[in-house]
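# Examination of the molecular architecture
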Amino acid sequence: MKRTYFPGITDIVAVTDPAEIRTISNDSRFDRDFLGHGPVRNVQFLRKILRIFSLNGRLFQTILPRTDPSRAAAQEELWSRLNVKADEVKHGPAQVQPLAEWVRGIGTADRLDLLVQQSIGRLFVESFAATDESLGAARMVLEAVSSSNVLKMLWWRISGRLERAKTLLASMVNGDLTAVNAMITARQLIVDGLHKMRQLAADPALRSSITTDAAVDECLFAPAAVFRKAKTSGEVAGCPFGRGSLFILELGSASRGAVNRDLVFLSQSWSHCPAEKWVPALLEGVWTRVSATLHES
Ligand code: HEM
């Protein structure tokens, strides 16, 4: 754990150790209650997150506090609904054929991105059809999360472009902000996974020796990081912290070892991902279909 602390200016703790990430993600002193006062840099950063991951004052579920009155029920409802879909998709039904074709080497990176956004959108609206505009909108919002181009970001903000991008996405999924969020962030993680799968499929020796479970695992990517804010001051794993300290849980690197794969979806945390079964099932379905056609040829 590494704390960067200048009183009143910044108080940020980077957490890379898998065990410490589990501890913090389950310690009730840390939450996603990102509103309120704190060191200037912390407040600036969290305001940006709140602005990007919200629409018309409504926050996306991934940044709602643990105790938000509707969060846990929505998480449970989506988890159950996606698990039914996971059982269907893992056998590689015809609906994953376009993704399988892409993995076999047919199509551009943009085509994959459209297909993945469409697969996510269809979890919420059966007839959802991704377009160049919806993809552009999702990419724009994602770029805003990590961009350090202050002028461009200011322009996107004051011109209303960011809000319009999110509004467009919301209009395609009956205003469901969980769908909007997934089409922005989860889309990229699944796209990264399928790029990896294309590489695996292109290697005949590897393709025939690797198990399906191992192939799926190779293609699962965690978000680079998730955030928590300290509700009180105290100490955790030997690191002192103040009220308002921002903890950056670096899942991307921490989830790499075989024993730390629970961190990909934070499966042991109250905030566990409702798509923790559906995403691996989708990858399994695609791999199964790819393997079947490549064995035939
Ligand atoms: C590779 C794909 C994905 C990965 C690696 C992933 C990972 C995660 C992680 C690590 C969290 C915990 C966030 C935190 O603790 O602050 C999370 C939460 C969440 N994810 Fe995913 N996710 C993926 C795909 C999806 C998809 C496709 C959906 C929706 C269809 C989804 C919906 C959610 C929601 C709603 C939450 C918030 C749960 C809550 O705290 O109530 N995720 N995800």
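Cut-offs and rules
- Residues numbered from 1 in each chain as written.
- Predicted model: local features only at pLDDT ≥ 70, side-chain atom pairs only at ≥ 80, totals over all residues.
- Heavy atoms only, no water.
- Near = heavy atom within 4 Å.
- Polar contact = N/O pair within 3.5 Å; in protein donor to acceptor, adjacent residues only side chain to side chain.
- Helix = DSSP H or I, 4+ residues; strand = E, 2+ residues; numbered from the N terminus.
- Pairing = 2+ DSSP bridges.
- Contact = heavy atoms within 4.5 Å.
- Axes fitted to C-alpha atoms, helices over the stretch in contact; angles between N-to-C directions.
- Buried < 20%, exposed > 50% of the residue type's maximum accessible area, 1.4 Å probe, protein only.
- Expected span 1.5 Å × (residues − 1).
- Arc of directions from axis to C-beta.
- Salt bridge = Lys/Arg side-chain N within 4 Å of Asp/Glu carboxyl O.
- Bend = angle between axes of the 7 residues up to and from the residue.

## Section: the site of the ligand
Close to the ligand lie 28 residues; R32, R71, R228, S271 and C273 are nearest. A distance of 2.7 Å separates an oxygen atom of the ligand from a polar atom in the side chain of R32. In this structure, R71 approaches the ligand through a side-chain N or O atom, which is 2.8 Å from an oxygen atom. Of all elements in the fold, only α3 (71–89), α9 (177–201) and β6 (226–230) reach the threshold of two or more residues within the shell around the ligand.

## With respect to the sheet that holds β6
Working definition: the strands of a sheet are paired by backbone hydrogen bonds and lie parallel or antiparallel to each other. If you walk across this open sheet you meet the 5 strands as β1-β2-β9-β6-β3, and the pairing is mixed. Looking at strand neighbours, the two that pair on one side only are β1 (2–6) and β3 (30–31), the edges of this open sheet. For β3 and β6, the ladder comprises 2 bridges, and the chain directions are antiparallel. Opposite D31, over in β6, you have K229 as the bridge partner. Of the strands in this sheet, β2 (10–15), β6 and β9 (246–249) are in contact with helix α2 (residues 40–52), which crosses β2 at around 65°.

## Notes on the environment of L78
Mapped onto the elements, L78 comes out in helix α3. The class of L78 is buried, set by a relative accessible area of 9%. As for L78 and C273, which are separated by 195 residues in sequence, their C-alpha atoms are 9.5 Å apart. With sequence-adjacent residues up to four places away left out, L78 is seen in contact with F124, T178 and P274.

## Some words on helix α8 (residues 161–172)
The terminal C-alpha atoms of α8, which comprises 12 residues, lie 17 Å apart, in line with the 16 Å expected from a rise of 1.5 Å per residue. Taken as a whole, α8 has its buried residues at L162, A165, K166, L169 and A170. Buried positions in α8, seen along its axis, are confined to an arc of 130° and lie on one side of it. Residues of α8 that are exposed and point over 90 degrees away from its buried face: R164 and S171. Against the buried residues of α8 lie α2, β4 (54–55), α5 (109–121), α6 (132–146), α7 (150–158) and α9. Following α8 by one or two positions, N174 adopts a phi angle in the positive range, close to 55°.

## Observations regarding the pattern of salt bridges
For the structure on display, the rule yields 12 salt bridges. The closest approach of N and O atoms between D11 and R3, which form a salt bridge, is 2.9 Å. Here D11 falls in the buried class, since its relative accessible area comes to 3%. The closest approach of N and O atoms between R187 and D113, which form a salt bridge, is 2.7 Å. Taken together, the positions of R187 in helix α9 and D113 in helix α5 put the pair 74 residues apart, joining distant regions of the chain. Like R187, the residue D113 is buried in the burial classification.

## Some points on the environment of L251
Of note, L251 is situated in helix α12 (residues 251–254). Overall, L251 belongs to the buried group, its relative accessible area being 2%. Taking the C-alpha atoms as reference points, L251 and V13, 238 residues apart in sequence, are found 14 Å from one another. Those residues in contact with L251, other than ones at most four positions away along the chain, are I21, A222, P223, A224, A225, V226, L263 and L266.

## What about α9?
If you check α9, its first and last C-alpha atoms are 34 Å apart, about what 25 residues at 1.5 Å a residue would give, namely 36 Å. Of all the bends found along α9, the most pronounced is centred on A186 and spans about 40°.

Don't take any of this as a statement about function, it's just geometry.
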